Amino acid sequence: MTLLDAPTYNAARAKRNRNIIIAVIAVIVLIGFTGVLGFVSGHGWFFSTIPSEHRVNKFLAAVEAQDFTRAYSLWNNDSDWQKHPDQYKVYDFNQFQKDWGSASDYGVIRSHKIVITKAVGNGVVMGVDINGGKTPLFLRVDDKTKQIGFSPIELYVGP
């Protein structure tokens, strides 16, 4: 076969090949964006921290509303904590009210903003600006128990 004996152009075949190539590229981009291969976050999914962020937002909204009973139940992930308060002697409700009430280091908490989130180990660590502060408070949500706690890890927020 010579150059002059080339097969005739098949428009349907060319269109099908183009659509297959576009679909393959789109799937590769989608896989890369969602982090299925684990490139984006330590847990493998780009959006894996969203449920933990939502939980902390609900918790802090309850604190802002001064609904400490609800906030404590979100903190411990136990809506019936009042039936067995002895399970939470390490960080009891009185200490919780001192840490999050008007006598806390932040005073009355009126606003919050999650400024950084990262999956670390078996949990999600996030830095939260409280009342527009300059230094974030770092909270951690455990992946298994969904309990919120103070994080021993602080993330770099930048200058």
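Residues numbered from 1 in each chain as written. Predicted model: local features only at pLDDT ≥ 70, side-chain atom pairs only at ≥ 80, totals over all residues. Heavy atoms only, no water.

### Some thoughts on the packing of aromatic side chains
Two numbers describe a pair of aromatic rings. These are the distance of the centres and the angle of the planes.
And step 1. The tally for this structure, following the rule as stated, stands at 17 aromatic pairs.
And step 2. Here the aromatic rings of tyrosine 72 and phenylalanine 93 are separated by 5.4 Å at their centres, their planes lie at 70 degrees, and the arrangement is edge-to-face. Highlighted residues: tyrosine 72 in helix H3 (residues 68-76) and phenylalanine 93 in helix H4 (residues 93-100), separated in sequence by 21 residues. Assigned by exposure class, tyrosine 72 and phenylalanine 93 land together as buried. (Phe/Tyr/Trp six-rings, centres within 6.5 Å; stacked < 30°, edge-to-face > 60°. Helix = DSSP H or I, 4+ residues; strand = E, 2+ residues; numbered from the N terminus. Buried < 20%, exposed > 50% of the residue type's maximum accessible area, 1.4 Å probe, protein only.)

### Comments concerning the nonpolar core
And step 1. Judged by nonpolar contacts, the single largest core of 26 residues is most densely connected at Val56, Phe59, Trp75, Phe96, Trp100, Val128 and Leu139.
And step 2. Within the residue set of this core, elements represented by two or more residues are helix H2 (50-64), H3, H4, strand S2 (123-130) and strand S3 (137-142).
And step 3. Ignoring any residue separated from it by four or fewer positions in sequence, one finds valine 128 in contact with Val56, Leu60, His112, Lys113, Ile114, Pro136, Leu137 and Leu139. (Core = buried A, V, L, I, M, F, W, Y, C linked by side-chain atoms within 4.5 Å. Contact = heavy atoms within 4.5 Å.)

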